[in-house]
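Fold and geometry: a report
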Amino acid sequence: MNPQAKVIFTTSLLLGTTITISSNHWILAWTGLEINTLAILPLISKSHHPRAVEAATKYFLVQAAASALVLFSSMTNAWHTGQWDITQLTHPTSCLILTSAIAIKLGLVPFHFWFPEVLQGSPLTTGLLLSTAMKFPPITLLFMTSQSLNSTLLTTMAIMSTALGGWMGLNQTQTRKILAFSSISHLGWMAIIITYSPKLALLNFYLYTLMTAAVFLTMNSMKVLKLSTLMTSWTKSPALSTTLLLTLLSLAGLPPLTGFLPKWLIIQELTKQEMPLMATMISLLSLLSLFFYLRLAYCSTITLPPHTTNHMKRWHVHKPVNTQMAILTTLSIMLLPISPIILTIM
């Protein structure tokens, strides 16, 4: 892709996100979401492979439908209350439509079907944007309207997302699809807590973004798209494989790694809200996703003897240390000890 075009699309992504997260008016928020959608489409389909074009088409149709629902819910609210302010969403029907629209944009169950397919058809760097940056504006809208949302509906969606995200990732062999189902599972944790403690949901999103960015960039550096390639990566880049192992375990939420912090705080908050049953259910369902993280971690550190494989062998090259990846990996692994400071800031 032309460097100038790449700069334009990246700037448009930043602009769209900034407009949405800083707006008070529904029309401005909707405009930001549309700019974001249009800017990411060329980045998805830049390889011109039929799979990439299909992914871009699916993404466009789904996001257009969700944006139309956002506009419809805000217009319904304005019709009944005379308010276009985002925080003044009070009409029950508008709240339900908005929750559905944001669920479609994020890929929450039962509107999750598009996300693994789109991620599978995108390059790893674009997949990183789809899993993190593109989810920030919808999460912000949920954050701003959290007081008005139906907590029962969100809790149901959250439990279903954690269950299906873990269940459907079990038999996958493509790393991008595994990370897509991992994203759906993590969104379940954010959705269940957003009406009770919106700041905690945002903290979860920030830490999830850190860990996912570290995993995507490591896989991109190792050129890993499926498990069979990951199995032979140890001999070529042992240091990267080790850091990938730790980051995956952090994503799974194992102590004493960073990923344990949001899960621990969410379970604590749910217990305070007298929802021990939901806390128990979501904790047990996260064991499903723990299985495929362990599978990925095992594959990344497995050492196979020389044998004939179906994919092309690569030379072992000494790449310079990627500072960005090193910082992300360190943060993804070692933030738990400073959790009191993080909680003070929040």
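The name given to the protein in an unreviewed UniProt entry is NADH-ubiquinone oxidoreductase chain 2, with the source organism recorded as Sitta carolinensis. As its UniProt record puts it under Catalytic activity (unreviewed entry), the protein is described as follows: "a ubiquinone + NADH + 5 H(+)(in) = a ubiquinol + NAD(+) + 4 H(+)(out)". The Sequence similarities (unreviewed entry) comment attached to the protein in UniProt states, word for word, "Belongs to the complex I subunit 2 family."

Further remarks concern the overall build of the protein. Across its full length, the protein holds 16 helices and 0 strands. At 20 Å, the protein has a C-alpha radius of gyration in line with the 20 Å of a compact globule built from 346 residues. Structurally, the protein occupies a C-alpha span of about 70 × 50 × 35 Å along its principal axes. The long-range share in the protein, meaning contacts at least 24 apart out of those at least 6 apart in sequence, stands at 77%.

Now for the packing of aromatic side chains. For the structure on display, the rule yields 7 aromatic pairs. For the pair F292 and Y293, a centre-to-centre distance of 5.0 Å together with 45° between the ring planes defines the contact as tilted. As far as burial versus exposure is concerned, F292 and Y293 are alike and both buried. An aromatic cluster of at least three residues, connected via ring pairs, comprises Y59, W114 and F115. Note that K135 overlies the ring of F115, its terminal NZ or CZ placed 3.9 Å from the centroid. If you follow K263 out to its NZ or CZ, it ends over the ring of W189, 5.1 Å from the centre.

Our focus in this paragraph is the packing of helix α10 (residues 198-222) against helix α13 (residues 260-272). The N-to-C vectors of α10 and α13 enclose an angle of 160°; their axes lie 9 Å apart at closest approach. By the angle between their directions, the pair α10 and α13 is classed as roughly antiparallel. When the axes of α10 and α13 are compared, the crossing they make is left-handed. Touching L200, L203, N204 and L207 of α10 are L261, P262, L265, I266 and E269, all from α13. Here the residues of the contact of α10 with α13 are counted per class, giving 7 nonpolar, 1 polar and 1 charged.

Turning our attention to the pattern of salt bridges. Scanning all chains against the criterion turns up 4 salt bridges. A salt bridge links E117 to K58, with the nearest nitrogen and oxygen atoms 3.9 Å apart. Of this pair, E117 sits in helix α5 (residues 114-120) while K58 sits in helix α3 (residues 50-81), and the two are 59 residues apart along the sequence. Among the residues examined, E117 registers a relative accessible area of 26% and is labelled partly exposed.

A separate point is the packing of helix α9 (residues 175-193) against helix α14 (residues 276-301). Between α9 and α14, whose axes approach to 11 Å, the crossing angle comes to 160°. When the axes of α9 and α14 are compared, the pair comes out roughly antiparallel. Here α9 and α14 pass one another in a crossing that is left-handed. On the side of α9, the interface is formed by T175, I178, F181, S182, S185, H186, G188, W189 and I192, while α14 contributes M278, I282, S283, S286, S289, F292, Y293 and L296. Here the contact of α9 with α14 is built from residues that sort into 9 nonpolar, 8 polar and no charged.

Another point: the UniProt feature "domain: NADH:quinone oxidoreductase/Mrp antiporter transmembrane" (unreviewed entry) in the protein. The sites that carry the UniProt feature "domain: NADH:quinone oxidoreductase/Mrp antiporter transmembrane" (unreviewed entry) are, in the present numbering, residues 23-288. Helix makes up 74% of residues 23-288 and strand makes up 0%, while its end C-alpha atoms are separated by 38 Å.

Y59 and L130 are the most contacted members of the largest nonpolar core, which totals 101 residues. Lining this core are residues from two domains, each supplying at least three of them: domain 1 (1-122) and domain 2 (150-345). Once you skip the residues sitting within four places of it in the chain, Y59 turns out to touch T37, I40, L41, I44, W114, V118, L130 and M134.

Each turn of an α-helix holds 3.6 residues, which means side chains three or four residues apart point in the same direction. With 12 residues, helix α15 (residues 323-334) ought to run about 16 Å at 1.5 Å a step, and its terminal C-alpha atoms sit 16 Å apart, in line with that. For α15, the full list of buried residues reads M325, L328, T329, S332 and I333. Mapping the buried residues of α15 onto a view down its axis gives an arc of 125°, with all of them on the same face. Facing away from the buried side of α15 by more than 90 degrees, the exposed set consists of T323, Q324 and M334. Sitting at the amino-terminal end of α15 is N322, which places a side-chain oxygen 3.1 Å from the backbone nitrogen of Q324.

A grouping of I27, M75 and W84 is seen on the molecular surface, where their side chains present a nonpolar patch of about 260 Å² in accessible area. Summarising the element assignment, M75 is placed in helix α3.

This part covers unusual backbone geometry. In this structure, P110 follows V109 across a cis peptide bond, with omega equal to 10°. With respect to the secondary-structure elements, P110 resides in the loop between α4 (92-106) and α5. Positive phi, close to 60°, is recorded for E274, a residue that is not glycine. For E274, the position within the fold is in the loop between α13 and α14. Judged by its relative accessible area of 71%, E274 falls in the exposed class.

Conventions and cut-offs
Residues numbered from 1 in each chain as written. Predicted model: local features only at pLDDT ≥ 70, side-chain atom pairs only at ≥ 80, totals over all residues. Heavy atoms only, no water. UniProt positions renumbered as here; feature names shortened; annotations may be inferred. Helix = DSSP H or I, 4+ residues; strand = E, 2+ residues; numbered from the N terminus. Rg over C-alpha atoms; globule rule 2.2 N^0.38 Å. Contact = heavy atoms within 4.5 Å. Phe/Tyr/Trp six-rings, centres within 6.5 Å; stacked < 30°, edge-to-face > 60°. Buried < 20%, exposed > 50% of the residue type's maximum accessible area, 1.4 Å probe, protein only. Lys NZ or Arg CZ within 6 Å of the ring centre and 35° of its normal. Axes fitted to C-alpha atoms, helices over the stretch in contact; angles between N-to-C directions. Parallel < 35°, antiparallel > 145°, perpendicular 65-115°, else oblique. Left-handed = near helix turned anticlockwise from the far one by under 90°. Nonpolar A, V, L, I, M, F, W, Y, C, P; charged D, E, K, R; others polar. Salt bridge = Lys/Arg side-chain N within 4 Å of Asp/Glu carboxyl O. Core = buried A, V, L, I, M, F, W, Y, C linked by side-chain atoms within 4.5 Å. Domains from an automatic or database assignment. Expected span 1.5 Å × (residues − 1). Arc of directions from axis to C-beta. Polar contact = N/O pair within 3.5 Å; in protein donor to acceptor, adjacent residues only side chain to side chain. Patch = residues over 30% accessible without salt bridge, like charges linked within 9 Å, V, L, I, M, F, W, Y side chains within 5 Å. Areas by Shrake-Rupley, 256 points an atom, 1.4 Å probe, with all protein chains shown as cover.

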